[in-house]
Amino acid sequence: MLYTDLIFIYAFLPITTLLTMCDRSTEYKNLILVLSSVVFFAWGKPFYICVIFLSVLLDWLFGLIAGSEKGVFKVLGVLLSAVMNISIFVVVGYNFLFTGTSLSLEHTVVPVGMGFYAVRGLSYVFDVAYGRTKPEKNLFCLVVYMVNYTLFLAGPVVRYKDIKEQIRHRMITGKKINDGLTRFIVGLGKASIIAAALGYVKNVGLDLSDMTFCGALFGMIAYIMQICFLFSGYADMAIGLELLNGFEYDENFLPLKAKNGVTGAVSGFNHTLMRFVNDSLISPLSKSPLSAVAATLGCSVLVGLWYGFSKHYLVFGLYFGIFVIIEALGLKKLIAKLPTAISGIYTLVVIFFGWSTVYFTSVASYKTWVKALLFKNGIISDALVNEIYAYCALLVFAVFMITPFKDKLKGKIQSVAAESERAYAVVRILTTVGLLVILLMSTTSRVVY
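What you are looking at is a predicted structure, and each value in this text was computed from that prediction instead of being measured. (Residues numbered from 1 in each chain as written. Predicted model: local features only at pLDDT ≥ 70, side-chain atom pairs only at ≥ 80, totals over all residues. Heavy atoms only, no water.)

Peer 1: Tell me about the overall build of the protein chain, and name the residues and values.
Peer 2: Looking only at helices and strands, the protein chain features 19 helices and zero strands. Computed over the C-alpha atoms, the radius of gyration of the protein chain is 23 Å, within 12% of the 22 Å expected from 2.2 N^0.38 for a compact globule of 449 residues. In terms of overall dimensions, the protein chain has a C-alpha envelope of 65 × 60 × 50 Å along the principal axes. Put simply, the protein chain has 449 residues, and 47% of those count as buried. Taking all contacts inside the protein chain whose residues are at least 6 apart in sequence as the whole, residues at least 24 apart take part in 75%. (Helix = DSSP H or I, 4+ residues; strand = E, 2+ residues; numbered from the N terminus. Rg over C-alpha atoms; globule rule 2.2 N^0.38 Å. Buried < 20%, exposed > 50% of the residue type's maximum accessible area, 1.4 Å probe, protein only. Contact = heavy atoms within 4.5 Å.)

Dropping the structure here:
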């Protein structure tokens, strides 16, 4: 089951939300959340529920081991958790590696989002070992944290130390319900409407048989924006779902700022994951400038392979890791002194060519793309003109959504709503109508990946 499935939006979500509000006790809310998550996961294959619960039990035990005062037990707990979680992630998430073996799941529906699940289990044991949180003795509390369908598909990577108090004590208020529904529907619109329009432009623009300069340029831009809207959309839906369950989480995608350079772009994209990697791996291993460089490169490769197990993602991780290192060695100070326009162009160009390493799976296709950028295959194709014309409104809106003007408009609307009760009512009505339109469009559109 996915957040964008009709059965989830119109059946699963309303029913579980209403059940959650039937009792004020946190224990009851936790029970409903766990039972709902069991149904969510079992929709694909009930067998995986057993795997998930077994891994939670083991991470609970590994956390108790890592919580020991003896260093050898801390290391043992971390190693055991790393081996188990990475094994589950590789076997389930990258099962194509085991085609033809006894571990093959070729004819089986596998749960999506095992990467975030594995990182969540690892982060708990790591934080216990580093003394950031105490080992949880109540197994059910860890079950609530790990067996949580709202965090499964695209994060955020919520750390147990940040959520443990909310697991035991939280309330569902009218504001949380309103904010949660709004955030969920907006995220749904990002993933199902905007990403779909960008996907159509990407497919036509990057068509190797008819790739022109504008196709190579705008197609790659559309691809990068599509990835951003898909990931941020799913993260918005997850945060919205958690608000409906009474939780409050950190943002997972931070806005791109020119002065922060490539380092800011890397840390802002899937921010909670990058923060965990920095806290648990890069910072502890950076004992000297040389070790800091090695740790950054090593973790860049790991993060790249986490996104996709192939040489293209390995190159992708190395590419951005090298720029992060260069900026740390002094380039970032220079970027901060440059005009915003120049630093912004530098950041966007690096991002532009970085994502191309993932999209093209062969040297020949990459060469075709580069030739098109060098004006060797014409300026623009009729097919691309037709696609841009067909989705021009959505494309303009997508660009607007990633600019600072979005936040300025939001602030202006909020200030107008605060002027009087009548103004607030008008804003609320228009917002509700807008959300309803987004919901209907999202559930009748097809996402293009």
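Peer 1: I'd like a rundown of a nonpolar patch on the surface, residues and numbers included.
Peer 2: There is a patch of nonpolar side chains on the surface, built from Leu6, Tyr10, Leu436 and Leu440 and spanning about 400 Å² of accessible area. Elements supplying a minimum of two residues to the nonpolar patch: helix H1 (6–20) and helix H19 (421–442). Locating Tyr10 in the fold gives a position in helix H1. (Patch = residues over 30% accessible without salt bridge, like charges linked within 9 Å, V, L, I, M, F, W, Y side chains within 5 Å. Areas by Shrake-Rupley, 256 points an atom, 1.4 Å probe, with all protein chains shown as cover. Salt bridge = Lys/Arg side-chain N within 4 Å of Asp/Glu carboxyl O.)

Peer 1: Can you break down the pattern of salt bridges residue by residue, with the values?
Peer 2: If charged atoms from side chains of opposite charge come close, those side chains can pair. Going through the model one piece at a time under the given rule, you end up with 11 salt bridges. Between Asp127 and Arg159 there is a salt bridge, with the nearest N and O atoms lying 2.9 Å from each other. You can see Asp127 sitting in helix H5 (residues 114–129) and its partner Arg159 sitting in the loop between helix H6 (139–146) and helix H7 (160–168), a full 32 residues away along the chain. Two residues, Asp279 and Arg159, come together in a salt bridge whose shortest N-O distance is 3.5 Å. Separated by 120 residues along the polypeptide, Asp279 in helix H11 (residues 271–285) and Arg159 in the loop between H6 and H7 bring together distant segments of the chain.

Peer 1: Can you tell me about the packing of helix H4 (residues 71–93) against H5, naming the residues and giving the values?
Peer 2: Between H4 and H5, the least distance of the axes is 9 Å, while the angle of their chain directions is 180°. What the angle tells us is that H4 and H5 run roughly antiparallel. Here Lys74, Gly77, Val78, Ser81, Ala82, Asn85, Ile88, Phe89 and Val92 of H4 lie close against H5, whose contacting residues are Met114, Gly115, Ala118, Gly121, Leu122, Val125, Phe126, Val128 and Ala129. Classifying every residue of the contact of H4 with H5 by side-chain character gives 12 nonpolar, five polar and one charged. (Axes fitted to C-alpha atoms, helices over the stretch in contact; angles between N-to-C directions. Parallel < 35°, antiparallel > 145°, perpendicular 65-115°, else oblique. Nonpolar A, V, L, I, M, F, W, Y, C, P; charged D, E, K, R; others polar.)

Peer 1: Before we move on, can you summarise the environment of Phe405 with the specific residues and values?
Peer 2: Considering the arrangement of structural elements, one finds Phe405 in helix H18 (residues 405–417). Accessibility expressed as a relative area gives 52% for Phe405, which makes it exposed. Spatially, the C-alpha atoms of Phe405 and Leu440 are 26 Å apart, while their sequence positions differ by 35 residues.

Peer 1: Talk me through the side chain of Thr26; I want residue IDs and the actual numbers.
Peer 2: Relative to the elements of secondary structure, Thr26 occurs in helix H2 (residues 26–42). Engagement of the side chain of Thr26 in a polar contact is seen with the backbone oxygen of Arg168, the distance being 3.5 Å. Leaving out residues up to four positions away in the same chain, Thr26 has contacts with Gln166, Ile167, Arg168, His169 and Arg170. (Polar contact = N/O pair within 3.5 Å; in protein donor to acceptor, adjacent residues only side chain to side chain.)

Peer 1: I'd like a rundown of the packing of helix H8 (residues 174–205) against H19, residues and numbers included.
Peer 2: At their nearest, the axes of H8 and H19 sit 9 Å apart, and the two run at 40° to each other. On the basis of their axis angle, the class for H8 and H19 is oblique. Considering how the two elements wind past one another, H8 and H19 form a crossing that is left-handed. Two secondary-structure elements touch here, H8 through Asn178, Thr182, Ile185, Val186, Leu188, Gly189, Ser192 and Ile193 and H19 through Arg428, Leu435, Ile438, Leu439, Met441 and Ser442. Within the contact of H8 with H19, the residues separate by chemical class into eight nonpolar, five polar and one charged. (Left-handed = near helix turned anticlockwise from the far one by under 90°.)

Peer 1: I'd like a rundown of the nonpolar core, residues and numbers included.
Peer 2: Judged by nonpolar contacts, the single largest core of 86 residues is most densely connected at Tyr3, Phe8, Tyr149 and Phe184. When sequence neighbours within four positions are dropped, the list of residues in contact with Tyr149 reads Tyr3, Phe8, Phe12, Thr16, Leu33, Ser36, Ser37, Phe40, Phe41, Leu241 and Asn245. Listed in part, the 23 residues of the second largest apolar core include Phe316, Val358, Phe360 and Leu373. (Core = buried A, V, L, I, M, F, W, Y, C linked by side-chain atoms within 4.5 Å.)

Peer 1: So what's going on with the environment of Arg168? Which residues, and what values?
Peer 2: Looking at where Arg168 falls in the secondary structure, it is placed in helix H7. Along the chain, Arg168 and Leu31 lie 137 residues apart, while their C-alpha atoms are 12 Å from each other.

Peer 1: Give a description of unusual backbone geometry that names residues and reports values.
Peer 2: For Asn270, which is not a glycine, the phi torsion comes out positive at approximately 60°. As for its placement among the helices and strands, Asn270 is situated in the loop between helix H10 (261–268) and H11. Overall, Asn270 belongs to the buried group, its relative accessible area being 0%. The phi dihedral of Phe375 is positive, around 65°, even though this residue is not glycine.

Peer 1: Go over the state of the cysteines, please, and point to the residues and values.
Peer 2: Throughout the structure, instances matching the rule amount to zero disulfides. You can see Cys214 has no disulfide; the closest cysteine sulfur is in Cys392, sitting 16 Å from it. For Cys214, a relative accessible area of 12% puts it in the buried group. Looking at Cys392, the relative accessible area reads 38%, which means it is partly exposed. (Disulfide = S-S within 2.5 Å.)

Peer 1: For the environment of Leu331, give the residues involved together with the corresponding values.
Peer 2: Along the chain, Leu331 turns up in helix H13 (residues 311–337). Accessibility expressed as a relative area gives 24% for Leu331, which makes it partly exposed. When the C-alpha positions of Leu331 and Pro404 are compared, they lie 25 Å apart, and in sequence the two are 73 residues distant. If we skip the residues at most four places from it in the chain, Leu331 touches Ile326 and Tyr346.

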